[in-house]
Amino acid sequence: MWQALALPLAALALAAAPAPQVSITVKDLTPKFLTFYRAAQRAGVDPDVRFRLWKQDYGFAAVPPTPQGDAIARRLLDAAWPKYPAVLPRIARGAAGIEPSPEATLRRVAELLQPGRPVDITLVAYVGALEGNAFTVGQNGHATVAVPVEESPHERGPVMAHEFTHAVQITMGTNSGGWVRSVGETALAEGLAMRVAQRLYPDRPAASFVEMASEPGWLARCDARRAQILGDVRAAAASSSSDEVMRFTMGVGPAGLDREAYYAGWVITDYWLHHGRTFADIARIPEADAPAEVVKAIDAILKPGG
């Protein structure tokens, strides 16, 4: 009886809540990229010179602000360079060509998370490396979301929903949006963002919300090592070491797979949603409490019958 009533009551509460106010300020970096691209096409420009031009004229990538990030940016540029001609028409349209509507997507996310305050974000339209990697940063409670313009609208919808989830949490003050944060907070924030995107695009396969285009089959490989990954993330949940966060996000984790904090977050958020918590509840978990909450969830999941 109580379980049957839970969803209708949650739906009624959501319907009764006031519609969140959202607004977006757009910053378009595509002209800077096109300046770099034209310069790098000149005769005699080798990959080393090309990367120097990229840093000089553009220098924007979805990588962490660390020495490792610089090396990753170089590899991404080298891999993407021969693919850019195919997406130049999208790049040329810049921010004006971004679909689906960023404002409509932000409103849908805010309606799910119910931030209780206006949400005002900055949207940076940039040219990535065709890796489909948007990102979000926060500063003093203001969120900036960077979205690659070369991505197809079909792929961009869930990606924006994911990143706007981070942006709403930053606005709420429950996520700093900084690179230095605990492994537990990383798992919570990424798990919530993936599950929000899944809720808004329920017709897509589960793997599409968690896998990068370059790693098909990643979710199945993680499922095969589920207990090990959860145990490793549990052990590191309170750590905010940059090396440790890197290992569980962009590096290879203890179970031998990349992005293990993402997988843990995917599993943990699903557990919470099936045990009485709403998206709005999860979004309200303070960053400082995230490691302990993640540990409790993992313990419940891993116990016999969990």
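Let me sum up the structure you'll find in this document.

Criteria and cut-off values
Residue numbers run consecutively from 1 along every chain, following the written order of its sequence. Only residues with pLDDT of 70 or above have their local features reported here, since the model is predicted, and side-chain atom pairs are shown and tallied only from 80 upward, although totals for entire chains, interfaces and linings are computed over all residues. To get the side-chain values, all heavy atoms of the structure are used, and hydrogens and water are removed first. The aromatic pairing rule takes the rings of Phe, Tyr and Trp, using the six-membered ring of Trp, and pairs them if the centres are within 6.5 Å, calling planes under 30 degrees apart stacked, those over 60 edge-to-face and the rest tilted. We call a charge positioned over a ring when the NZ of a Lys or the CZ of an Arg lies within 6 Å of the ring centre and within 35 degrees of the ring normal. Whenever a helix is involved, its axis is fitted only over the stretch in contact; in every case the axis is a line through C-alpha atoms, and angles between N-to-C directions fall within 0 to 180 degrees. Only DSSP runs of H or I covering at least 4 residues are called helices, and only runs of E covering at least 2 are called strands; the numbering of each starts at the N terminus. Throughout, the term roughly parallel applies to angles under 35 degrees, roughly antiparallel to angles over 145, roughly perpendicular to angles from 65 to 115, and oblique to all others. Each helix crossing is assigned a hand: it is left-handed if the near helix lies turned anticlockwise from the far helix by less than a right angle, otherwise right-handed if that turn is clockwise. Throughout, a contact is declared for two residues whenever any of their heavy atoms are within 4.5 Å. Only Asp, Glu, Lys and Arg are considered charged, only Ala, Val, Leu, Ile, Met, Phe, Trp, Tyr, Cys and Pro nonpolar, and every remaining residue, Gly among them, polar. A helix is expected to span 1.5 Å for every residue after the first. Remark: exposure states derive from per-residue accessible area (1.4 Å probe, protein chains only) relative to the maximum for the residue type, with buried under 20%, exposed over 50%, and partly exposed in between. Here the arc refers to the set of directions running from the helix axis out to each C-beta atom.

According to the stated counting rule, one finds 14 aromatic pairs in the structure shown. Through a chain of ring-to-ring contacts, three or more aromatic side chains come together here, namely F33, F36, Y37, F51, W54, Y58, W81 and Y84. For the cation-ring pair, R259 lies above W218, with the distance from its terminal atom to the ring centre recorded as 4.7 Å.

Contact geometry for helix α8 (residues 183-200) and helix α13 (residues 260-273): axes closest at 7 Å, N-to-C directions at 65 degrees. With respect to α13, the element α8 is oriented roughly perpendicular. For the element pair α8 and α13, the recorded crossing hand is right-handed. In this structure, α8 uses T186, A187, L188, E190, G191, L192, M194, R195 and Q198 to contact α13, whose residues at the interface are A261, Y262, G265, W266, T269, D270, W272 and L273. Looking at the contact of α8 with α13, its residues break down into 9 nonpolar, 5 polar and 3 charged.

Attention shifts here to helix α6 (residues 102-113). With 12 residues, α6 ought to run about 16 Å at 1.5 Å a step, and its terminal C-alpha atoms sit 17 Å apart, in line with that. Within α6, burial applies to P102, T105, L106, V109, A110, L112 and L113. Along the axis of α6, the buried residues cluster in a sector spanning 160 degrees; they form a single face.

Attention shifts here to the environment of V159. Looking at the element boundaries, V159 is found in helix α7 (residues 153-172). Residue contacts for V159: discarding those within four places in its chain leaves G132, A134 and E151.

With that out of the way, let us pick up the environment of A297. With respect to the element layout, A297 can be found in helix α15 (residues 290-302). Remark: the alpha-carbon pair of A297 and W272, spanning 25 residues in sequence, is separated by 7.7 Å. Once residues lying within four places of it in the same chain are set aside, the contact partners of A297 are I268, Y271 and W272.

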